[in-house]
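Reading the structure
For reference, the chains in residue letters:
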Amino acid sequence: MDDAILVLGGLSTGVSLAAASGLRVFLPAFLASLAMQFELLPASESMGWLASTPAALGLGVATGLELLAYYIPWLDNLLDTLATPAAVVAGIVVSAATFVGMDPFMQWTAAIVIGGGAAGSVQLGSVATRALSTGATGGAGNPIVATVENVGATGLTALAIVLPLVAALLVLVLLGLAFRRVARWRRGRREAAG
């Protein structure tokens, strides 16, 4: 029973951190690294390096640069181009790091499918939001989008560490709502075209 709880907790944390990686690539890994160092979050055996001081320092610097870069109008759109594949990779890595108590094959399969999928889905939504903001405001509204994403990534990461099941349920609900919205939008486009 304890193993099942450990696996469920790791899956919940992992999917939530991966989704947060779709908003900010480095922030969830940085905060997870700190949580692992303070033993607030268990690390999988193969990903113990994430709990190291050099990893935390490197991720901290990268996080600071990423957070600031999204406030530079032309750079934020360029970052979205680079961040999309990076977010998927970050989602895979951070989820694999928290998928504890699993067979390595299952750990990495779940990390690729669940972690990469969650990060990629959220990142695509983030890119679409920034594109709409750029189109509607000429980029003047993008700092507001960046602030909301920064707060969202920080809040979801903290929730994933402290209350992983709640965070995972929140991610599932938000992804469900996003998919419904996209489906309605597509249906409306088809009806308008046909």
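Structural notes, computed from the coordinates. (Residues numbered from 1 in each chain as written. Predicted model: local features only at pLDDT ≥ 70, side-chain atom pairs only at ≥ 80, totals over all residues. Heavy atoms only, no water.)

A few points about the overall build of the protein chain
When you go through the protein chain residue by residue, the secondary structure sums to seven helices and zero strands. In the protein chain, the order of α-helices and β-strands from amino to carboxyl end is α-α-α-α-α-α-α. Relative to its length of 194 residues, the protein chain is compact, with a C-alpha radius of gyration of 17 Å against a globular reference of 16 Å. Each of the three principal axes of the protein chain carries a C-alpha extent, and together these read 55 × 40 × 25 Å. (Helix = DSSP H or I, 4+ residues; strand = E, 2+ residues; numbered from the N terminus. Rg over C-alpha atoms; globule rule 2.2 N^0.38 Å.)

Considering helix α7 (residues 164-193)
Compared with an ideal rise of 1.5 Å per residue, which puts 30 residues at 44 Å, α7 spans 43 Å between its outermost C-alpha atoms and is within 8% of the ideal. Every buried residue belonging to α7 is among P164, A167, A168, V171 and L175, and all of these are buried. Elements in contact with the buried residues of α7: α1 (2-21), α5 (104-137) and α6 (142-162). (Expected span 1.5 Å × (residues − 1). Buried < 20%, exposed > 50% of the residue type's maximum accessible area, 1.4 Å probe, protein only. Contact = heavy atoms within 4.5 Å.)

Here's the deal with the environment of G176
Looking at the element boundaries, G176 is found in helix α7. Taking the C-alpha atoms as reference points, G176 and A4, separated by 172 residues in sequence, lie 25 Å from one another.

Observations regarding the environment of L82
Relative to the helices and strands, L82 is located in helix α4 (residues 73-98). Take L82: its relative accessible area is 53%, and that puts it in the exposed class. As a C-alpha pair, L82 and A43 span 39 residues in sequence and 27 Å in three-dimensional space.

Side note on a nonpolar patch on the surface
Residues I72, W74, L78 and L82 make up a contiguous nonpolar surface patch of about 440 Å² in total accessible area. Residue position: L78 is located in helix α4. (Patch = residues over 30% accessible without salt bridge, like charges linked within 9 Å, V, L, I, M, F, W, Y side chains within 5 Å. Areas by Shrake-Rupley, 256 points an atom, 1.4 Å probe, with all protein chains shown as cover. Salt bridge = Lys/Arg side-chain N within 4 Å of Asp/Glu carboxyl O.)

Here we look at the packing of helix α2 (residues 27-37) against α4
α4 packs onto α2 with a crossing angle of 20° between their chain directions and a minimal axis gap of 10 Å. Taken together, the axis directions place α2 and α4 in an arrangement best described as roughly parallel. For α2 against α4, the interelement crossing comes out left-handed. Across from P28, A29, A32 and M36 in α2, the residues of α4 making contact are V94, A97 and T98. Of the residues that constitute the contact of α2 with α4, the class distribution is six nonpolar, one polar and no charged. (Axes fitted to C-alpha atoms, helices over the stretch in contact; angles between N-to-C directions. Parallel < 35°, antiparallel > 145°, perpendicular 65-115°, else oblique. Left-handed = near helix turned anticlockwise from the far one by under 90°. Nonpolar A, V, L, I, M, F, W, Y, C, P; charged D, E, K, R; others polar.)

Regarding α6
Between the first and last C-alpha of α6 there are 30 Å, a value that for 21 residues agrees with the 30 Å anticipated at 1.5 Å per step. Within the sequence span of α6, burial applies to N142, V145, A146, E149, N150, A153, L156, T157, A160 and I161. Buried residues in α6, looked at end-on, bunch into an arc of 145°, giving them a common side. Opposite the packed face of α6, turned more than 90 degrees from it, sit the exposed residues I144, V148, V151 and V162. Buried residues along α6 sit in contact with α1, α2, α3 (53-69), α4, α5 and α7. (Arc of directions from axis to C-beta.)

Some remarks on unusual backbone geometry
We note that E39 has phi near 60°; this positive angle belongs to a residue other than glycine. With respect to the element layout, E39 can be found in the loop between α2 and α3. We classify E39 as exposed; its relative accessible area is 71%.

What to know about the pattern of salt bridges
The tally for this structure, following the rule as stated, stands at three salt bridges. R24 is paired through a salt bridge with E149; the nearest N and O atoms lie 3.0 Å apart. Of the two residues, R24 is situated in the loop between α1 and α2 and E149 in helix α6; the sequence distance between them amounts to 125 residues. On the basis of relative accessible area, E149 is assigned to the buried category, the value being 6%. Residue R130 pairs with D80 through a salt bridge whose shortest N-O separation is 2.7 Å. Taken as a pair, R130 in helix α5 and D80 in helix α4 lie far apart in primary sequence, 50 residues in all. With respect to class, R130 is no different from D80; both count as buried. By sharing partners, the salt bridges in this structure join R24, D80, R130 and E149 into a single network.

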